[in-house]
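Descriptive structure summary
Now for the letters of each chain:
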Amino acid sequence: MESILQRERQCFVCGRQGELDVHHTWHGHSNRKNATDYGLTVYLCRDCHSMIHDRPEGRAIDLQLKQFAQRRWEEEYGTREDFRRIFGKSEL
């Protein structure tokens, strides 16, 4: 499924173009699949992707991405309770 979070092919965090990774805003085995199925993905450059997954300063950005993704999901698909049921928790 196409992303409901981003249309442009550029890093969602810094705007860089070129070699980009697809980042699932919700990780973990089942949540990664849910993120794909519901279009909760963004493009990230390698530096920003690494920062989000590997460095302490990336935690705040990861949380912001999750909150943005959850808000968009609720606009498109259902209630906060529905989101909790599917993804296991809410970040809002």
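What comes next concerns the included structure.

This brings us to the pattern of salt bridges. Tallying each qualifying case throughout the model produces 13 salt bridges. Close ionic contact of Arg46 with Glu19 constitutes a salt bridge, the shortest N to O distance being 3.1 Å. One end of the pair, Arg46, is in helix H2 (residues 46-54); the other, Glu19, is in the segment before strand S1 (20-24), with 27 residues separating them in the sequence. Judged by relative accessible area, Arg46 falls into the partly exposed class, the value being 47%. Note on Glu19: relative accessible area 56%, which makes it exposed. In this structure, the salt-bridge partner of Asp82 is Arg85, at a minimum N-O distance of 3.7 Å. Of the two residues, Asp82 and Arg85 both sit in helix H4 (residues 80-87), three residues apart, roughly one turn of that helix. Using a relative accessible area of 61% as the deciding quantity, one classes Arg85 as exposed. Bridged by salt links that share partners, the residues Glu19, Asp21 and Arg46 form one connected network.

For the rest of this paragraph, the subject is the environment of Gln6. Structurally, Gln6 can be placed in the segment before S1. Considered as a pair, Gln6 and Ala69 are 63 residues apart in the sequence and their alpha carbons are 10 Å apart. Apart from the residues lying within four places of it in its own chain, the contact partners of Gln6 are Cys11, Phe12, Val42 and Tyr43. Looking at Gln6, its side chain comes within polar contact range of the main-chain oxygen of Gln10, at 2.7 Å.

With that out of the way, let us pick up the state of the cysteines. Applying the stated rule across the entire model yields zero disulfides. With no disulfide of its own, Cys14 has Cys11 as its nearest cysteine by sulfur position, at a separation of 3.7 Å. Judged by relative accessible area, which is 40%, Cys14 ranks as partly exposed. Here Cys48 is not cross-linked by a disulfide; its sulfur's nearest cysteine counterpart is in Cys45, at 3.6 Å.

Cut-off values and rules
Residues numbered from 1 in each chain as written. Predicted model: local features only at pLDDT ≥ 70, side-chain atom pairs only at ≥ 80, totals over all residues. Heavy atoms only, no water. Salt bridge = Lys/Arg side-chain N within 4 Å of Asp/Glu carboxyl O. Helix = DSSP H or I, 4+ residues; strand = E, 2+ residues; numbered from the N terminus. Buried < 20%, exposed > 50% of the residue type's maximum accessible area, 1.4 Å probe, protein only. Contact = heavy atoms within 4.5 Å. Polar contact = N/O pair within 3.5 Å; in protein donor to acceptor, adjacent residues only side chain to side chain. Disulfide = S-S within 2.5 Å.

Any link to function would need more than the numbers given here.
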